[in-house]
Amino acid sequence: MLHRSKRSTEEPTREPMARIARSVALAALSLFAATSAQAQSLQALYDAARAYDATYLAARALADSAQYKAAQADALLLPNLGLSGNVGSNYVDLPVGASRSSRSAGAGLSGKQPLFNRANGFTVDQAKKVFEVSRTDLETAEQDLIVRVAQAYFDVLGAQDTLGTTRASKAAISEQLASAKRNFEVGTATITDTREAQARFDLASAQEIAADNDLQSKRIALDQLVGRSGVLPKQLAVPVVLPAVVPANVDTWVGNSGAQHPAVRRAALGLDIAKLETEKARAAGLPTVDAVASVNTSRLSGTSSSGLPGTTNSASIGLQLAMPLYSGGSVQNRVKETMVLEDKSTNDLEAARRIVAQATRQAYFGVQSGTAQVKALEAAESSSQLALEATQLGYRVGVRVNLDVLNAQTQLFTTKRDLAKARYDVLLGGLKLRQAAGQLSPDDVSAVDKLLVK
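Quick notes on the rules
- Residues numbered from 1 in each chain as written.
- Predicted model: local features only at pLDDT ≥ 70, side-chain atom pairs only at ≥ 80, totals over all residues.
- Heavy atoms only, no water.
- Helix = DSSP H or I, 4+ residues; strand = E, 2+ residues; numbered from the N terminus.
- Expected span 1.5 Å × (residues − 1).
- Phe/Tyr/Trp six-rings, centres within 6.5 Å; stacked < 30°, edge-to-face > 60°.
- Buried < 20%, exposed > 50% of the residue type's maximum accessible area, 1.4 Å probe, protein only.
- Axes fitted to C-alpha atoms, helices over the stretch in contact; angles between N-to-C directions.
- Parallel < 35°, antiparallel > 145°, perpendicular 65-115°, else oblique.
- Contact = heavy atoms within 4.5 Å.
- Nonpolar A, V, L, I, M, F, W, Y, C, P; charged D, E, K, R; others polar.

Caption draft 1: Up close: helix H9 (residues 402-436). For H9, with 35 residues, the first-to-last C-alpha span of 50 Å sits near the 51 Å given by 1.5 Å per residue. In the segment just after H9, Gly438 is the residue with positive phi, at about 75°.

Right, here's the structure in full:
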């Protein structure tokens, strides 16, 4: 290797190093300017997704239909009224050669009001519980939509940052390659420096292509989710200040999740429905009492042996009792079946509580770990920047080689990329923590939205 004197190397390399800094800044700012020209907030895209996402709309339609299902059950306790009518003609050929013919017409109105029917009462109570289940399902779908939109949003931001750092790294390597070529031409460096820089430049070019393709894929996914084209999410406001996890106690999060999570509430409602099903099965052996009433009118014309021609009116009102006496053991076996299913629902509720508690703990410690990682990467970014400046200075005075500069640059840009991703992961992890605890709501979208540039 040719050793450089301070006079022969410092002056030729100061200007390239300045160009490196300018190129890095321009590469980063160009991508930011392109993505912030018509950038859209997380809140705006979430609102768009609520009106477009087919999965969420299907869940909302299913929840809306539940109210009509409950109304059908309410009809079991309300009176029933029916109208009937009949017309007919009768012809009789007598043995003596004579004949008789008649025509009849009639109409009737009948009604029934249930007075005592325990099974129907339990069916109505079950329908109300099923309606509540549909609301918890809709809440789950809404929370899932929030997380999916945030995931797609931060995926695009992360891909943009990756592409930006890749381009900035490529620009810096390009300047370092040009510097190595100039130093080789004047005889102050070996061909090794040029080849090392060229290899890094070619690798950076390949990484840029991959990063650009990944960004396009992430943008397509976000566009598909919100029903828009060319969506550009807003960047995080600088300086980035990540919100703290409140409360800062995992047991508090787990305790709240046991009562608030839609999955737990759904399982609890399932247990209530199973208990009502057992009561309804027992009620199948009880009597039922209905109030019944009817009004009928009929008209007969012609000659008939069944009655005199004319109009006949009749009315009746009373109580109707039905008492099951023997059903072949079906009632008893149905009760036993529902009691076993009630035990299943009890275990389902306990399983839901355990799953939610586990998911909440994992999400909490994931956010805590991510926050610590962000702090470590922020320190690493500062250290990597200082290390790059020291390496560049050593390169100028001849105590460091071109490969050292390239390695320092790679370390700095890799740290910047990892830091940006870690920040997005913390924000997304915070939303997933609230989802795991059953506390996620549209207000949390607004809270994250405040961290973006205005």
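Caption draft 2: Highlighting the packing of aromatic side chains. Within this structure, the stated rule accounts for three aromatic pairs. Ring geometry for Phe154 against Tyr424: centres 5.7 Å apart, planes inclined by 15°, an arrangement best described as stacked. Of this pair, Phe154 sits in helix H4 (residues 118-185) while Tyr424 sits in helix H9; the two residues are 270 residues apart in sequence, bridging distant segments of the chain. Judged on exposure class, the residue Phe154 and its partner Tyr424 are both buried. Plain terms: the ring middles of Tyr364 and Phe365 are 5.4 Å apart, the flat faces sit at 80° to each other, and that makes the pair edge-to-face. Given the relative accessible area of 48%, Phe365 is considered partly exposed. Put simply, the rings of Tyr153, Phe154 and Tyr424 pair up and form one aromatic cluster.

Caption draft 3: Examining the packing of helix H6 (residues 250-260) against helix H7 (residues 262-283) more closely. Orientation of H6 relative to H7, taken along the N-to-C sense of each, is 40°, at an axis distance of 6 Å. In this view, H6 runs oblique relative to H7, as classed from their interaxial angle. When H6 is examined against H7, the residues Ser257, Gly258, Ala259 and Gln260 are found in contact with a partner set consisting of Pro262, Val264 and Arg265. Split by residue class, the contact of H6 with H7 holds three nonpolar, three polar and one charged.

Caption draft 4: View of the environment of Arg354. Structurally, the position occupied by Arg354 is in helix H8 (residues 330-397). Looking at Arg354, the relative accessible area reads 57%, which means it is exposed. Along the sequence, Arg354 and Gly258 sit 96 residues apart, while their C-alpha atoms lie 8.6 Å from each other.

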